[in-house]
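Descriptive analysis of the structure
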Amino acid sequence: MSTQPDQTTTNKTRNPFISILTQPIEWLTMLTHHLNPSFIAGIFLIYGIGQGFSGSFFKLVSDYYWKDIQKIQPSTVQLYVGIYFIPWILKPIWGILTDAFPLWGYRRRPYFILAGVLGLVSAAVVALRGNLAAVTALMCFLGVSASLAIADVTIDACIARNSIEVPGLAPDLQSLCGFCSGSGALIGYLVSGFFVHHLGPQGSLGLMAVFPALTIVLGCVIYEKKATGLHNEKKQGAMENAGMTIRSMYKTIKYPQAWKPSLYMFLSLSLNVTTHEGHFYWYTDSKAGPAFSQEFVGVIYAIGAVASIIGVLIYHKYLKNYTFRNLVFYAQLLYAISGVLDLIFVLRWNLKIGIPDYFFVVLEETAVRITGKIRWMPMMVLSAKLCPLGIEGTFFALLMCIDSIGMLISKWGGGLLLRVLHITRSDFNNLWLAVLIRDILRFVTLVLVFLVPNVGPYEGLLPSDGCEMDKRDGNVDEETLELVPINPKAEV
């Protein structure tokens, strides 16, 4: 009787590689056992194909589109990239629409279809029409970004609700999102350089229609119960629901446990000014820079995606039980230190020191992605745990809106920095100074970590006095979307 566990332990010891292969399968099996399998499938679609593959593919292809097709300066491109974040800033509006304004008796399915149609049309226009004006192309890219943002709202609501109802799985859900996003990004970056080289930037943008098409299919086939009372719900009732949602959000955000970490996320992102477009133009410049090929740029980003997955693995295996404040502090410290490698690379190139170009690029990309992912994972878990039941979708969208505003300021701040330092399509003499300022701001962020609560992922944060949305006449509970577990299990 007692020999079986010992034999199992021995087998695991003798077959470490088999254990490595089986552990992810066992982990997914555990998640699908405690949650709904189609909810897990939804995460794979939205995070893997949407945010992962489409997001990474779009990042590289659009960079080449602005540089080679539109001939735009890097500081202007940085401004355009910041505009992409506007649909993500509007996520609370998408959340309120899906929560309080159902269409034809459904809260989720019509908005999936709407997001898919918007993204499909936008991607088709920019891919099929030549000689587009820069403003028209920007509007199409904005449509693609809005498609991703609207689809993301629904899955985030499901994640937030499950994180509250089954708190023991909150870190696992964020790990799954990280795995899917990182894996999709890896594939997207690997193939993006190849497609840009063979199809050109504009032709490659046609692949951006894949995710919106799948989103339309998801909206058509996903199971959602047509709740009683929603079909004949009057506009006045919808407005009342929206008002209750807004009041509940305001009530929740006033708690110090909510506004302090939200403020930290906003400030940490705002101060992390990005000089990405300056680096991209410099990487690909044949005279003033290393002149990396399109394929190699894609490989660099792919290495970063692998590093992000490694960061998720490290967090999931070793760090997910630490308190939020300690983990964020040390991760931010390492993140700031890793950014110094980028400064060394730029200075090394200016000083013509004979170290292989790819060495510091790969090293810096790996270090920044690993530490950046570890820095961000606990904040996502914390965000999910801050959402009260009943308005979890809208409130999580509000928190992500705050993050998106921080990212917008980061992009525009970086663009302003590039313009002030006169970093153009061909002049990169002051790029090192921009990187130095960016690195200093990353170290400054360390003084703000006191805003992060010093609690673990399994401890409660908000008072358990409920919210107004929980007291409605069953409208929230009547909704039975397949992505949300029908019979959630409280114990893991």
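Residues numbered from 1 in each chain as written. Predicted model: local features only at pLDDT ≥ 70, side-chain atom pairs only at ≥ 80, totals over all residues. Heavy atoms only, no water.

Once that is clear, we can look at empty space enclosed by the protein. Evaluated as defined, the whole model comprises two cavities of 30 Å³ or more. Reported here for the second largest cavity is a volume of approximately 40 Å³. If you go around the second largest cavity, the residues you meet are S54, G119, V144, S147, L148, M208, F211 and P212. The set of elements that each furnish at least two residues to the lining of the second largest cavity consists of α8 (134–165) and α10 (210–221). The element that contributes the greatest number of residues to the lining of the second largest cavity is α8, accounting for three residues. Among the residues forming the lining of the second largest cavity, the class breakdown is five nonpolar, three polar and no charged. (1 Å grid on protein atoms, 1.4 Å probe; cavity = no way out; pocket = protein on both sides within 12 Å on 5 of 7 lines; lining within 4 Å. Points joined across faces, edges and corners; volume = space filled by probe spheres on them. Helix = DSSP H or I, 4+ residues; strand = E, 2+ residues; numbered from the N terminus. Nonpolar A, V, L, I, M, F, W, Y, C, P; charged D, E, K, R; others polar.)

For the structure shown, the criterion picks out 20 aromatic pairs. Geometrically, the ring pair formed by W282 and Y283 is tilted, given 5.8 Å between the ring centres and 35° between the ring planes. Of the two residues, W282 and Y283, both sit in the buried class. Taken together, the aromatic side chains of F58, Y65, W66, Y80, Y84 and F141 make up a single cluster linked through ring pairs. Over the ring of Y301 we find K59, and its NZ or CZ is 4.9 Å from the ring centre. The side chain of R375 reaches across the aromatic face of Y335, ending 4.2 Å from its centre. (Phe/Tyr/Trp six-rings, centres within 6.5 Å; stacked < 30°, edge-to-face > 60°. Buried < 20%, exposed > 50% of the residue type's maximum accessible area, 1.4 Å probe, protein only. Lys NZ or Arg CZ within 6 Å of the ring centre and 35° of its normal.)

A full pass over the atoms with the stated rule returns six salt bridges. Residue R369 is joined to E365 by a salt bridge in which the shortest nitrogen-to-oxygen separation is 3.3 Å. Separated by four residues within a single helix, R369 and E365 lie in helix α16 (residues 357–385), roughly one turn from each other. Grouping residues by exposure puts R369 and E365 together as buried. Among the salt bridges present, the one from R438 reaches D439, with a minimum N-O distance of 3.0 Å. The class for D439 is buried, based on a relative accessible area of 3%. Residues joined in a network through salt bridges with shared partners are D342, R438 and D439. (Salt bridge = Lys/Arg side-chain N within 4 Å of Asp/Glu carboxyl O.)

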